[in-house]
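Here's the letter readout for the chains.
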Amino acid sequence: MTLFSENTDLSELDDHIPLAARLRPKIVSEMVGQGRLLSEDGAMTRMVRTGQLHSFILWGPPGCGKTTLARALANELNVHFREFSAVVSTVKDVRAVVKEAREERQLTGRQTILFIDELHRFNKLQQDAFLPHIEDGTIILIGATTENPYFSINSALRSRLTVYKLEPLETDDLRILADRTVEYFNADRLEDDAPYELSDDVRDSLLMLAGGDARTLIGTLEVAKSLIDEKTGGRGGKFSQDVIENAMQAAFRVYDRAGDTHYDTISAYIKSMRGSDPDAAIYYLAKMLSSGEDPKFIARRLVIQAAEDVGNANPMALVVANAAREAVEFIGMPEAMIPLSQATIYVATSPKSNAAVSAITTAMKDI
């Protein structure tokens, strides 16, 4: 995600839609972050410049811009855009959208982009259903996933898709986004209304808590604004540290162990450790534990993280993580939160090396 469009018609925005969705950029050049893909010579910029689309996978953590990028490409290239989620869609839905794509091409000559969120949640049968329609050009498939597609997408489909890796947004990108969101709040204010103000210190704290996730940042500011409005009657005011922390808690408190928030939170936890940010990692750990997450699930992710991201840069990380896993099984909650916290901090602050996972992934690909 990413910066909202400066050309957005604010009068058309629906207050019932989350602010992050309402303020999406409409074209690729208005997005922030993802410099490797969105630079002048980046893959996405070249697609816009040449008008030549191909099917691909956007792999990255929540809030990094996967859905926004797909929609922006469709807007700029004037193609038919259809979107659905792998969580609720079926093979029947795939057949229906393929039929629609054929009719669209016959009637208007336009290509159809089929954007599938959480592509990794489709089973093999569902994934295989796309193969002939990608090959004959009926659809341009753009899949979004938070999971490693080399493990979560079957090889037949993956071999027909280019994988583009998206990264969490950098602090500078989030800073721009925070400032522009506050500017949006201050648009069309009355003269006697106080502006909404976000100090540098409070903003820096918000950026840390957001952990590279633009959706989290915008959602927190949206909730924080509503808290300020409750006190001032909508007359504006300052975003204090307390307001931001209360807003973050309110925004994150909704947690579904089997739904999207579950996967978003564990992903944020993982990328915080990967980014060597122990404060953010502990925050997400506390959120999961307080929301009733299975500590064994967290412990398993810790062990994977120690091997995948720390690896031989500090082999003791795997020992500590595995010891935490054993402690969780031995002592249970609530005391199990202590070894989980210890291991989380250890993994987050360890030097990182992905040599082990890169080596075995390359070898498996060769085989």
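Just above sits the structure.
Summarised in this report is the structure supplied together with it. (Residues numbered from 1 in each chain as written. Predicted model: local features only at pLDDT ≥ 70, side-chain atom pairs only at ≥ 80, totals over all residues. Heavy atoms only, no water.)

**Let's talk about the pairing of strand β3 (residues 112-117)**
Within a regular strand, side chains alternate between the sheet's two faces. With five of six residues buried, β3 lies mostly within the body of the structure. Bridge analysis of strand β2 (residues 80-85) against β3 gives six bridges, and the strand direction is parallel. Along β3, the bridge assignment pairs His-80 with Thr-112. Sheet topology note: the β3/strand β4 (residues 140-145) ladder contains five bridges and is parallel. By the bridge assignment for β4, Ile-113 is matched with Ile-140. (Buried < 20%, exposed > 50% of the residue type's maximum accessible area, 1.4 Å probe, protein only. Helix = DSSP H or I, 4+ residues; strand = E, 2+ residues; numbered from the N terminus. Pairing = 2+ DSSP bridges.)

**So, the packing of aromatic side chains**
Taken as a whole and assessed by the stated rule, the structure comprises 10 aromatic pairs. Plain terms: the ring middles of Phe-84 and Phe-122 are 6.5 Å apart, the flat faces sit at 70 degrees to each other, and that makes the pair edge-to-face. Of this pair, Phe-84 sits in strand β2 while Phe-122 is found in the loop between β3 and α6 (124-128), placing the two residues 38 residues apart along the sequence. By relative accessible area, Phe-122 is classed as buried at 3%. Within the aromatic cluster, the residues linked to one another by ring pairs are Tyr-184, Phe-185, Tyr-196 and Phe-239. (Phe/Tyr/Trp six-rings, centres within 6.5 Å; stacked < 30°, edge-to-face > 60°.)

**Points about the sheet that holds strand β5 (residues 162-165)**
In sheet architecture, strand pairing relies on hydrogen bonds along the backbone and comes in two forms, parallel and antiparallel. Pairing is parallel across the open sheet formed by five strands, whose spatial order is β2-β3-β4-β1-β5. Where the open sheet ends on each side, the last strands, each with one partner, are β2 and β5. Looking at each pair of strands side by side, their axes are set apart by 20 degrees on average, direction ignored. Here helix α5 (residues 91-108) sits on the sheet in contact with β2 and β3, set at roughly 175 degrees to β2. (Axes fitted to C-alpha atoms, helices over the stretch in contact; angles between N-to-C directions. Contact = heavy atoms within 4.5 Å.)

**Observations regarding unusual backbone geometry**
Going from Met-333 to Pro-334, the amide bond is cis rather than trans, its omega being 5 degrees. A positive phi angle, close to 55 degrees, is found at Gln-34, a residue other than glycine. Inspection of the secondary structure assignment puts Gln-34 in the loop between α1 (19-22) and α2 (35-38). Even without a glycine there, the phi angle at Ser-276 is positive, about 60 degrees. By the secondary structure assignment, Ser-276 is in the loop between α14 (260-274) and α15 (278-290). The exposure class assigned to Ser-276 is partly exposed, which follows from its relative accessible area of 40%.

**What about the layout of surface pockets?**
Considering only enclosed or pocket space, the largest pocket measures out at about 1,100 Å³ in volume. Residue lining of the largest pocket: 41 residues in total, with Trp-59, Lys-165, Arg-274, Glu-308 and Asp-309 positioned closest to the centre. Those elements giving two or more residues to the lining of the largest pocket turn out to be α8 (149-152), α11 (200-210), α14, α16 (295-310) and α19 (355-366). Here the residues of the lining of the largest pocket sort into 14 nonpolar, 16 polar and 11 charged. (1 Å grid on protein atoms, 1.4 Å probe; cavity = no way out; pocket = protein on both sides within 12 Å on 5 of 7 lines; lining within 4 Å. Points joined across faces, edges and corners; volume = space filled by probe spheres on them. Nonpolar A, V, L, I, M, F, W, Y, C, P; charged D, E, K, R; others polar.)

**Some words on α15**
With 13 residues, α15 extends 18 Å between its outermost C-alpha atoms, agreeing within 8% with the 18 Å of an ideal straight helix rising 1.5 Å per residue. Within α15, burial applies to Ala-280, Ala-281, Tyr-284, Leu-285, Lys-287, Met-288 and Leu-289. Among the residues trailing α15, Gly-292 stands out with phi positive, at a value near 95 degrees. (Expected span 1.5 Å × (residues − 1).)

**Some details on the pairing of β4**
β4 sits mainly inside the fold: six of its six residues count as buried. Residues Ile-140, Ile-142 and Ala-144 point to one face of β4 and Leu-141, Gly-143 and Thr-145 to the other, with burial holding for every one of them. Bridge count between strand β1 (residues 56-59) and β4: four bridges; the pairing is parallel. Bridging across to β4, Trp-59 finds its partner in Thr-145.

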